[in-house]
Amino acid sequence: IGFETARSLALHGAHVVLACRDLHKGNQAVKAIRVERAVAKVDTLQLDLASLRSVKQFAESFRLREQPLHILVLNAGLFGLPWQLTEDGLESIFQVNHLGQFYLTQLLQDILVKSAPARVVVVSSESHRFVQLKGCPLTEEWLSPSSDRAWPVEQYNKSKLCNILFSQELNKRLLKRGVTSNAVHPGNMMGTSLARNWWFYRLLFLLVRPFTKSLQQGAATSVYAATARELEGIGGMYFNNCCRCLPSPDGQNDRAATELWEVSERILKARTSKFTL
């Protein structure tokens, strides 16, 4: 979906920077886009969301380009990975799907504001509806649990709820400065690499593929949220099939959104304070 989103934007004249963990695959994506449009402005920079240091290095590299940033699409979707810790000592699905993207946005926030009007698009999922907070506080232990308390599918669902809460809080904080944020659901069980970590999910995704969206269709809602003229200056919403819909009650919880922002900042401060500028 990330490739199709980048492809659509690049083919319509946007200057696109692909943030890729695997630079070889990123360069292949650049070549594929330029086959369709030789003059397409598309580059790649390395970014590993499982490493907060890598996130900081990416932001510094982008800053050195001295380019505006009008659209930031946060497309991470690690799914089904058995419990493991990142180099920063955090559960991997939580860090990749939420915290790494939260940190990236913080580091690029001043560029977004200077580039205003600007938009952030956060790719979430309808699976956020399977999480019920039941009034419980959002703590580091709940967000990044130990191995005996973590289930990969639940971690994915929680991270997608985090995406919606983060998008809403980001929009609330930056709207008056010309930056809007919206969350989107791309579609269910499409033929992406999302299920690559467990054979059962690979089989399941294969079986339902004839009944799901194509990757290009899946990218349509992200592209809509990023470019639609009618959304200029409008944020804090959740889109499915290019239509606004309401997230779960927990996804509309302002207290939880603020709480998630604050605990994310505390987690980052404890782990990035040692980084040199």
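Before reading further, recall that the structure is shown in the block above.
Residues numbered from 1 in each chain as written. Predicted model: local features only at pLDDT ≥ 70, side-chain atom pairs only at ≥ 80, totals over all residues. Heavy atoms only, no water.

## What to know about the sheet that holds strand β7 (residues 243-244)
Here five strands make up an open sheet; going across it, the order is β3-β4-β5-β6-β7 and the pairing mixed. Only two strands of the sheet have a single neighbouring strand rather than two, namely β3 (71-74) and β7. Relative to strand β5 (residues 179-185), strand β4 (residues 118-123) runs parallel, the two sharing six bridges. The residue of β5 that forms the bridge with Val-123 is Val-184. Of the strands in this sheet, β3, β4 and β5 are in contact with helix α4 (residues 92-114), which crosses β3 at around 175°. Running over the sheet, helix α6 (residues 152-174) touches β3, β4, β5 and β6 (238-240) and is turned about 160° from β5. (Pairing = 2+ DSSP bridges. Helix = DSSP H or I, 4+ residues; strand = E, 2+ residues; numbered from the N terminus. Contact = heavy atoms within 4.5 Å. Axes fitted to C-alpha atoms, helices over the stretch in contact; angles between N-to-C directions.)

## Some remarks on unusual backbone geometry
Note: most residues except glycine have negative phi, and most peptide bonds are trans. Note the cis peptide between Ala-116 and Pro-117, where omega equals 5°. Counting through the fold element by element, Pro-117 comes out in the loop between α4 and β4. A positive phi angle, close to 65°, is found at Cys-242, a residue other than glycine.

## Observations concerning the side chain of Glu-91
Along the polypeptide, Glu-91 turns up in the loop between β3 and α4. Lys-158 provides the closest opposite charge to the buried, salt-bridge-free Glu-91, at an N-O distance of 7.5 Å. Engagement of the side chain of Glu-91 in a polar contact is seen with the backbone nitrogen of Ile-93, the distance being 3.2 Å. Engagement of the side chain of Glu-91 in a polar contact is seen with the backbone nitrogen of Phe-94, the distance being 2.8 Å. What Glu-91 contacts, discounting residues up to four positions off in sequence, is Trp-83, Gln-84, Leu-85, Ser-144, Pro-145 and Gln-155. (Buried < 20%, exposed > 50% of the residue type's maximum accessible area, 1.4 Å probe, protein only. Lys, Arg positive; Asp, Glu negative; His and termini not counted. Salt bridge = Lys/Arg side-chain N within 4 Å of Asp/Glu carboxyl O. Polar contact = N/O pair within 3.5 Å; in protein donor to acceptor, adjacent residues only side chain to side chain.)

## As for the environment of Glu-91
For Glu-91, a relative accessible area of 1% corresponds to the buried category. With 53 residues separating them in the primary sequence, Glu-91 and Ser-144 have C-alpha atoms 5.0 Å apart.

## What to know about the pairing of strand β1 (residues 16-20)
The side-chain alternation of β1 yields one buried face, formed by Val-16, Leu-18 and Cys-20, and one unburied face, formed by Val-17 and Ala-19. Bridge count between β1 and strand β2 (residues 42-46): five bridges; the pairing is parallel. Bridge pairing in β2 links Val-17 to Asp-43. The β-α-β motif built from β1, the intervening helix α2 (residues 23-36) and the parallel element β2 has right-handed crossover chirality. (Right-handed = clockwise from strand over helix to strand, strands pointing away.)

## Concerning the environment of Arg-129
On the secondary structure map, Arg-129 appears in the loop between β4 and α5 (140-143). Each C-alpha atom, one on Arg-129 and one on Asn-157, is 7.7 Å from the other, the two residues being 28 residues apart in sequence. When near neighbours in sequence (up to four residues on either side) are disregarded, Arg-129 contacts Tyr-238, Cys-245, Leu-246, Pro-247 and Ser-248. A polar contact of 2.7 Å, which involves the side chain of Arg-129, links it to the backbone oxygen of Leu-246.

## So, the pattern of salt bridges
Side chains that differ in sign of charge can pair as their charged atoms come close. Using the criterion set out here, one finds twelve salt bridges in the structure. Notably, a salt bridge pairs Arg-7 with Glu-4, separated by 3.3 Å at the nearest N-O pair. Taken together, the positions of Arg-7 and Glu-4, both in helix α1 (residues 2-11) and three residues apart, correspond to about one turn of that helix. When sorted by exposure, Arg-7 lands in the same class as Glu-4, which is buried. A salt bridge links Glu-140 to Arg-271; its shortest N-O distance comes to 3.0 Å. Of this pair, Glu-140 sits in helix α5 while Arg-271 is found in helix α9 (residues 254-272), placing the two residues 131 residues apart along the sequence. The partly exposed category is assigned to Glu-140, whose relative accessible area is 27%. With relative accessibility at 16%, the residue Arg-271 sits in the buried group.

Coordinates in, geometry out; function isn't part of it.
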